[in-house]
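Chains, contacts and geometry: an overview
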Number of protein chains: 2
Amino acid sequence: MKPDSKIQSVARAFTIVDILAEAQDGLALNEIASRMSLPKSTVHGLISTLKDFSYVEQSVFTGKYKLGVRFFEVGNIVAQGWEVRTVAAPYISQLLEELGETVHLVVLDKMEVLYIDKRESRHSLRIVSQIGTRLPAHCTGVGKVLMAHLTPEQRAELISKKGLPRLTRNTLTDPEALKEELAKVKRQGYAIDNEEIMDSLRCVAAPIRDQSGNVISAISLSGPVGRLNGKSLEKAIKRVKETAEEISARLGYRSNRSLRLLVSGSVFPL
Amino acid sequence: MKPDSKIQSVARAFTIVDILAEAQDGLALNEIASRMSLPKSTVHGLISTLKDFSYVEQSVFTGKYKLGVRFFEVGNIVAQGWEVRTVAAPYISQLLEELGETVHLVVLDKMEVLYIDKRESRHSLRIVSQIGTRLPAHCTGVGKVLMAHLTPEQRAELISKKGLPRLTRNTLTDPEALKEELAKVKRQGYAIDNEEIMDSLRCVAAPIRDQSGNVISAISLSGPVGRLNGKSLEKAIKRVKETAEEISARLGYRSNRSLRLLVSGSVFPL
DNA sequence: AGATGCAATTCGATAATGCCGAACGCCGTT
DNA sequence: AACGGCGTTCGGCATTATCGAATTGCATCT
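Residues numbered from 1 in each chain as written. Chains lettered and ligands numbered in written order. Predicted model: local features only at pLDDT ≥ 70, side-chain atom pairs only at ≥ 80, totals over all residues. Heavy atoms only, no water.

**Structural notes on the protein's contact with DNA strand C**
Neighbouring residues of DNA strand C: 21 residues in total, closest T42 of chain A together with Q8, L29, Q58 and Y65 of chain B. Each atom of DNA strand C within 4 Å of the protein was classed as base or backbone; sugar and phosphate made up 74%. Between S9 of chain B and DNA strand C, the recorded distance is 3.0 Å, taken from a backbone N or O atom to a phosphate oxygen. One of the backbone nitrogen or oxygen atoms of L29 of chain B is found 2.7 Å away from a phosphate oxygen of DNA strand C. Secondary structure elements with two or more residues in the surface near DNA strand C: α1 (8-22) and α3 (40-52) of chain A together with α1 (8-22), α2 (29-36) and α3 (40-52) of chain B. When residues in the surface near DNA strand C are grouped by element, the largest group, 4 residues, is from α3 of chain B. For the surface near DNA strand C, the residue count by class is 6 nonpolar, 10 polar and 5 charged. (Near = heavy atom within 4 Å. Polar contact = N/O pair within 3.5 Å; in protein donor to acceptor, adjacent residues only side chain to side chain. Helix = DSSP H or I, 4+ residues; strand = E, 2+ residues; numbered from the N terminus. Nonpolar A, V, L, I, M, F, W, Y, C, P; charged D, E, K, R; others polar.)

Structure below.
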């Protein structure tokens, strides 16, 4: 549960949501009540209020409760609030069509990488990911890109809050090594995740800037090391960087390079 | 506000969410309080609880409140709960690539058509739609498909609850005419929305069945009447029907026809 | 700089409201 | 026919949300 918030009943209602979010199939009232160590009747009052607003649904057959459609509706309103998501959509589709590997769009939220959109590869061997999930920053390509553009203070805060847990043989767990890596990432304008979060998985990531030049988001292309190497890796780096620059240009970021891209004519109509 | 729900404070919290969902840019505390006719301090308590759980964010600069990322996260969990969405994803992408027009995936929820996924056309002239929004059933292709497979009682309930409001010249507003249209839709296995919700917009829609044969969802292809006519309309009807059948087959629906489709080999790997 | 105004917060007394245990009703099972 | 497990309802009690007033914090104006 979150820090003891002002309004008890509202906090409890959202704790119910947290519990339902973990359960794939619905949960029985008893189950929820016992997990919260509260009487059934208390939970019932809260959950029926959630039901009234369609934040929770109850199965007609089993009586079990699960998350309701209103979360989907409101969640999409939030998604529409990210301008970068709308703008990037056709570009990341294009990237998938060209290179055939899974593409992700992410932002940094609460010191973690939040996946806000994706286009999935059609290869049988592909990573499975889910929009709306979070991953640690230090061991993902997109995470390193975003960290590279933080202030030193923010970066220190991130590391002290989240640590640098090892997930694979290659994970950078030493702050100094990570610092050097981030400097390199910033210099070359892209990051590579070389099996740092998951064995056999390689990613190429590049930063997206808004009109004030701040790095607000990142895209990545992910595939198995067997496919993402040599010439294909080089092409991936080139195209991911270019695509990120095109998206930044569309968001109003005007570098010399992106100006040239704009005049030379874009793939997609305004 | 919804029917006076059990727990006042929880209901009020969600009313705040409803208000924020309508406002594109954030809202000031004062504004929210006055819209709810409640004292600022009451709203403040509620909203800071929402903030603690990331259901609401507050701008550091303006102090205004807007919906938070947690809605996006939970909304995506709900989205993953629709098996049809996962299964249909590659098929509707394929449909867009082949025909170049916007594709939608919908379900019927509370007597309305709820858009749960889409692939957007790259034509400059295209309909703009948003996932997570609702449209009336009687004047959309997908809506007519879904209505056609309701029981007469459910259909009567839908009409009595929602009415048959006229949106264009072509909207079917007469219950008898609609009944005949739905019989035709059920017979031929697809529906056409011929400028019934919006001028110049034509849609082709077909039903998706689960393994028990119930129609649980529908897909549609939408484009301007200028592009969706003659031969291209015929092709659209053929491909939309086929795609809907392929998706149904993947969901476990075994008709004679879909069995043939499965053995002949599918485009996408299992 | 200082003053002014506006808006977000905090505080504390009041009583309204949410809380909880017990009782009910509804299946499916023994 | 009795049982057990479940969601649901009820009503008295006291905890808890509520609300007006006071306070802080931030910009802008003088």
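Now that the structure has been shown, we can carry on.
**A short note on the confidence of the model for chain A**
Residue and element names in this part refer to chain A. Averaged over all residues, the pLDDT of chain A equals 91, while 93% of them reach at least 70. At the level of individual helices and strands, chain A shows its lowest average pLDDT in helix α10 (residues 256-263), which scores 55, and its highest in helix α6 (residues 141-148), which scores 98. pLDDT under 50 marks residues 265-270. Its contacts with residues more than four places away, or in other chains, come to 11 contacts. (pLDDT = per-residue confidence, 0-100. Contact = heavy atoms within 4.5 Å.)

**What about the protein's contact with DNA strand D?**
As a structural note, the neighbourhood of DNA strand D is formed by 21 residues, with Q8, L29 and Y65 of chain A together with S41 and T42 of chain B the closest of them. Within 4 Å of the protein, the contacting atoms of DNA strand D are 72% sugar and phosphate, with bases supplying the remainder. Here Y65 of chain A contributes a side-chain N or O atom positioned 2.3 Å from a phosphate oxygen of DNA strand D. Contributions of two or more residues to the surface near DNA strand D are made by α1, α2 (29-36) and α3 of chain A together with α1 and α3 of chain B. At 4 residues, α3 of chain A tops the list of elements feeding residues into the surface near DNA strand D.

**Observations concerning the pattern of salt bridges**
Applying the stated rule across the entire model yields 40 salt bridges over all chains. We note a salt bridge from E112 of chain B to K162 of chain B, for which the minimum N-O separation is 3.6 Å. Here K162 of chain B lies in helix α7 (residues 152-162) and E112 of chain B lies in strand β4 (residues 112-119), a separation of 50 residues in the sequence. A salt bridge links R119 of chain B to D117 of chain B; the shortest N-O distance between them is 3.0 Å. Among the residues examined, R119 of chain B registers a relative accessible area of 19% and is labelled buried. The class of D117 of chain B is buried, set by a relative accessible area of 8%. A cluster of three or more residues bridged by salt bridges with shared partners is formed by D18, D109, K110, E112, R134 and K162 of chain A together with R70 and E73 of chain B. (Salt bridge = Lys/Arg side-chain N within 4 Å of Asp/Glu carboxyl O. Buried < 20%, exposed > 50% of the residue type's maximum accessible area, 1.4 Å probe, protein only.)

**With respect to the interface of chain A and chain B**
Listed per partner, the contact involves 56 residues of chain A and 55 residues of chain B. Summing both partners gives a buried area of about 4800 Å² for chain A against chain B, and 68% of it is carried by carbon and sulfur. By the criterion of area lost to chain B, the three top residues of chain A are F14, F53 and F72 of chain A, representing 16% of everything that side buries. Counting the contacts that link chain A with chain B gives 4 salt bridges. Residues E73 of chain B and R134 of chain A are paired through a salt bridge, measuring 2.7 Å at the closest nitrogen-oxygen approach. There are 9 residue pairs in polar contact (both at pLDDT 80 or more) connecting chain A and chain B. Secondary-structure elements contributing two or more residues to the side of chain A that touches chain B are α1, α3, α4 (69-81), α5 (83-99) and β4 (112-119) of chain A. When residues of the side of chain A that touches chain B are assigned to their parent elements, the largest contribution, 12 residues, is made by α4 of chain A. (Buried area = accessible area lost by both parts, 1.4 Å probe.)

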